[in-house]
Every structure is written in structure tokens, then in C-alpha cells.
Amino acid sequence: MQKRFLLTSFQTWLPHQKSNSSDDLLAEVVRLNSLPYELTLLRQLPVDVEQASFRVIEKIREVQPELIVCCGMAEKRTLLSVEVGAVSGESMLLTTVDLEKLVADSQNIEISHDCGKFVCEGLYYSVLDELRLRELKTPCIFVHVPILTEENFPSILEDFFLMTHRLALL
């Protein structure tokens with residue numbers, strides 16, 4: 001049986017942005033159709049914590065994915081950044097995924113302790129909190145995607161595939 005993944009991405013939020021690299025990455029994943037998993041995508045989520053969180057949590061309850069990968073754009077980063085956790089007020093929630101194993105031997109993935117204090121962190125916290133409250137053991141990560149260029153896109157895509165394959169083995 002195929003593993004069920006839920007993958008999410010965001011819309012743009014600033015006038016100069018022609019696209020959101022997280023959505024561009026997921027569009028290429030879909031186009032290539034090379035992941036041997038059952039994929040549910042929530043692309044171009046609104047850049048609003050409440051709306052995005054509501055839609056993702058609703059989809060989690062509907063499809064009951066076995067793995068969740070939320071993606072967002074980080075314009076100032078150069079590598080895929082897998083976030084350790086998310087903060088809301090005084091509370092911090094951490095992923096249950098062993099990130100050291102997840103990123104081992106990758107060329108373009110780093111572990112990050114700064115989810116950005118924006119909608120990405122709000123969504124990640126909401127999803128981790130939902131999993132905690134419902135006592136679900138579903139592995140969930142948040143991946144910040146750098147601006148994609150002709151030069152970095154092939155290697156970023158390759159490492160994203162590597163990461164999803166490793167998640168599927170959990």
C-alpha cells in the first residue's frame with residue numbers, strides 16, 4: 001500500500017513576487033509524477049494563519065495522511081530548510097521526525113531553528129498542535145524553499161525527493 005502524503009504550499013504575499021517557490025516546487029513534483037506515493041496537495045494556501053491552518057487541519061481530518069510536509073518560501077535562504085519546530089507565545093512544539101537522519105548526505109538541505117515568525121510558523125504550530133491534541137503520531141515537517149533558479153532547481157528538487165523518500169520509510 002502506498003503511503004499517503006499531504007503536501008502544502010502558499011500563495012505569494014508581496015507585489016514583486018511572480019510566484020511562490022514552495023508552490024513552484026510542488027508544481028514540479030506533480031508534473032514529474034515520480035513519487036510513488038498517494039499525494040494530496042493543498043497548493044497556494046492564503047497567506048493568513050487562521051485561513052491556512054483551518055484548510056490544512058480540515059484536510060488532515062478528511063484524508064488522514066500518514067505524512068505531512070508543509071512548504072513555504074524563504075527568499076533570503078539558499079537551501080531547503082527543515083524546521084525543528086514552531087513557537088506560539090511561550091509555547092514551542094517540535095517535530096517528531098529525526099531531522100539529522102532526514103537530511104544526512106543531502107547537498108541542499110539544512111536544519112533550521114527559525115521558522116520565520118510569519119504565517120509559516122503559525123501554520124506549522126497549528127498543525128503540530130492539532131496532531132498533539134488528537135494524539136496522532138503522524139510525522140510532520142515544515143520545509144522552507146529558497147528562491148528557485150535554473151542553477152539550483154534540479155538539486156533542490158533532487159533533495160526534496162530524497163527527503164520525501166526518507167519520510168516514507170518512517
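Please read all numbers here as calculations on a predicted model, not as lab measurements. (Residues numbered from 1 in each chain as written. Predicted model: local features only at pLDDT ≥ 70, side-chain atom pairs only at ≥ 80, totals over all residues. Heavy atoms only, no water.)

Draft legend 1. View of the sheet that holds strand E2 (residues 38-45). Spatially, six strands are ordered E2-E1-E3-E8-E4-E7 in an open sheet, and the strand pairing comes out mixed. Each edge of the open sheet carries a strand with a single partner, namely E2 and strand E7 (109-112). Each adjacent strand pair in this sheet contributes to an overall mean axis angle of 25°, direction not counted. Examined bridge by bridge, strand E3 (residues 67-73) and strand E8 (residues 140-145) share six bridges and lie parallel to one another. Each residue of the ladder has a partner; that of cysteine 71, found in E8, is valine 143. (Pairing = 2+ DSSP bridges. Helix = DSSP H or I, 4+ residues; strand = E, 2+ residues; numbered from the N terminus. Axes fitted to C-alpha atoms, helices over the stretch in contact; angles between N-to-C directions.)

Draft legend 2. Representation of the packing of aromatic side chains within the structure. Counted according to the given criterion, the structure contains three aromatic pairs. Note on phenylalanine 5 and tyrosine 37: the rings are 5.0 Å apart at their centroids and 40° apart in plane angle, and the pair reads as tilted. Here tyrosine 37 lies in the loop between helix H1 (21-32) and E2 and phenylalanine 5 lies in strand E1 (residues 4-10), a separation of 32 residues in the sequence. With respect to class, phenylalanine 5 is no different from tyrosine 37; both count as buried. Judged by centre distance (5.8 Å) and plane angle (50°), the ring pair of tryptophan 13 and phenylalanine 118 falls under tilted. Residue tryptophan 13 is located in the loop between E1 and H1, and its partner phenylalanine 118 is located in the loop between E7 and helix H4 (119-133); the two are separated by 105 residues in the primary sequence. For tryptophan 13, a relative accessible area of 31% puts it in the partly exposed group. By relative accessible area, which is 41% here, phenylalanine 118 ends up partly exposed. (Phe/Tyr/Trp six-rings, centres within 6.5 Å; stacked < 30°, edge-to-face > 60°. Buried < 20%, exposed > 50% of the residue type's maximum accessible area, 1.4 Å probe, protein only.)

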